Amino acid sequence: MAINELFNGGCACGAIRYRVSGPPVMVEYCHCADCRKSNGSAVAALAGFRRNGFEILDGPPLHYESTPAVKRSFCGTCGSPLFYQNQDYPKDIYIHLGSFDQPEALPPDRHVWVSERIPWHRIKDGLPQYDQFSGTGLPEGAPPYKKPIET
Ligand SMILES: [Zn+2]
Ligand SMILES: [Zn+2]
């Protein structure tokens, strides 16, 4: 993946458009209950980037706080979930992977919050798994989730 590669995306109806420059700091499947609810899906897929490379081109989106530190943004017209910002990670913005025009360019590299995974959601892709959030970047972060995953 080229440094400073640009990634474009937007919501389902096209009212919100954004652009972000890579490379991503991480691309995760998040199994936490808050992501599940905000997506209406069994697991969320998010790509994290530095905020200073992020730009809203058309908008703005609406947002709410799913916890006091977390702001989740979505399109007020079509409801697509778009962005996740956490005060604990003030340099980063997490973007819902399905909103990118070319999500195939951003393959997930880990599973986080596996402790909250729905039991029937079986993970068999061989990617690292973390009990909670992993921290960003590849070399750092919490130790991989140690419990064996039942199949
Ligand atoms: Zn929309
Ligand atoms: Zn989550």
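What counts and how
Residues numbered from 1 in each chain as written. Chains lettered and ligands numbered in written order. Predicted model: local features only at pLDDT ≥ 70, side-chain atom pairs only at ≥ 80, totals over all residues. Helix = DSSP H or I, 4+ residues; strand = E, 2+ residues; numbered from the N terminus. Buried ≥ 20, exposed ≤ 12 C-beta atoms within 10 Å, placed from the backbone. Contact = placed C-beta atoms within 7 Å. Pairing = 2+ DSSP bridges. Axes fitted to C-alpha atoms, helices over the stretch in contact; angles between N-to-C directions. Core = buried A, V, L, I, M, F, W, Y, C linked by C-beta atoms within 7 Å. pLDDT = per-residue confidence, 0-100.

### A word on the overall build of the protein
Helix and strand content of the protein: 1 helix and 10 strands. Counting over 151 residues, the protein shows a buried share of 31%. The contacts in the protein between residues at least 6 apart in sequence include a share of 51% that link residues at least 24 apart.

### Re the sheet that holds strand 8 (residues 81–86)
Sheets are built from strands that pair by backbone hydrogen bonding, the pairs being arranged parallel or antiparallel. Read across the sheet, 7 strands follow the order 6-7-8-9-4-3-10 without closing on themselves; strand pairing throughout is mixed. The open sheet has two free edges, formed respectively by strand 6 (62–67) and strand 10 (110–112), since each of these has just one partner strand. Direction aside, neighbouring strands of the sheet carry axes that sit 30° apart on average. Of the pairings in the sheet, the one linking strand 7 (residues 70–74) to strand 8 comprises 5 bridges and is antiparallel in character. Bridge pairing links K71 to Q85 in strand 8.

### Here's the deal with the nonpolar core
Of all hydrophobic cores here, the largest spans 29 residues; its most connected members are C30, L46, A47, L82, Y94 and I95. Secondary-structure elements contributing two or more residues to this core are strand 2 (17–21), strand 3 (26–30), strand 4 (44–50), strand 8 and strand 9 (92–96). It is strand 4 that contributes the most residues to this core, 5 residues altogether. Sequence-distant contacts of C30, that is, excluding residues within four places in its chain, are made with C35, V43, A44, L46, V112 and W113.

### Things to note about the environment of K37
Relative to the helices and strands, K37 is located in helix 1 (residues 33–39). Distance from K37 to S66, taken between C-alpha atoms, is 9.9 Å for residues 29 residues apart in sequence.

### Side note on the pairing of strand 9
Along any regular strand, the residues point their side chains to alternate faces of the sheet. Of all the 5 residues making up strand 9, 4 are buried; the element is thus mostly covered by neighbouring parts of the structure. Pairing between strand 4 and strand 9: 5 bridges, direction antiparallel. Looking at the pairing, F49 lines up with I93 of strand 9. As judged from the 2 bridges shared by strand 8 and strand 9, these two strands associate in the antiparallel manner. By the bridge assignment for strand 9, F83 is matched with I95. Taken together, strand 8 and the strand that follows it, strand 9, pair antiparallel across an intervening segment of 5 residues.

### Things to note about the confidence of the model for the protein
Predicted confidence across the protein gives a mean pLDDT of 88, with 87% of residues reaching 70 or more. In the predicted structure, residues 138–151 sits below a pLDDT of 50 and forms 18 contacts with residues beyond four places in sequence or in another chain.

### Details of the environment of Q132
Here Q132 shows up in the segment after strand 10. According to the C-beta neighbour criterion, Q132 is partly exposed, with 13 such atoms within 10 Å. Spatially, the C-alpha atoms of Q132 and V112 are 5.6 Å apart, while their sequence positions differ by 20 residues.

### Digging into the environment of Y89
Relative to the elements of secondary structure, Y89 occurs in the loop between strand 8 and strand 9. Sequence separation between Y89 and V70 is 19 residues; the distance between their C-alpha atoms is 9.8 Å.

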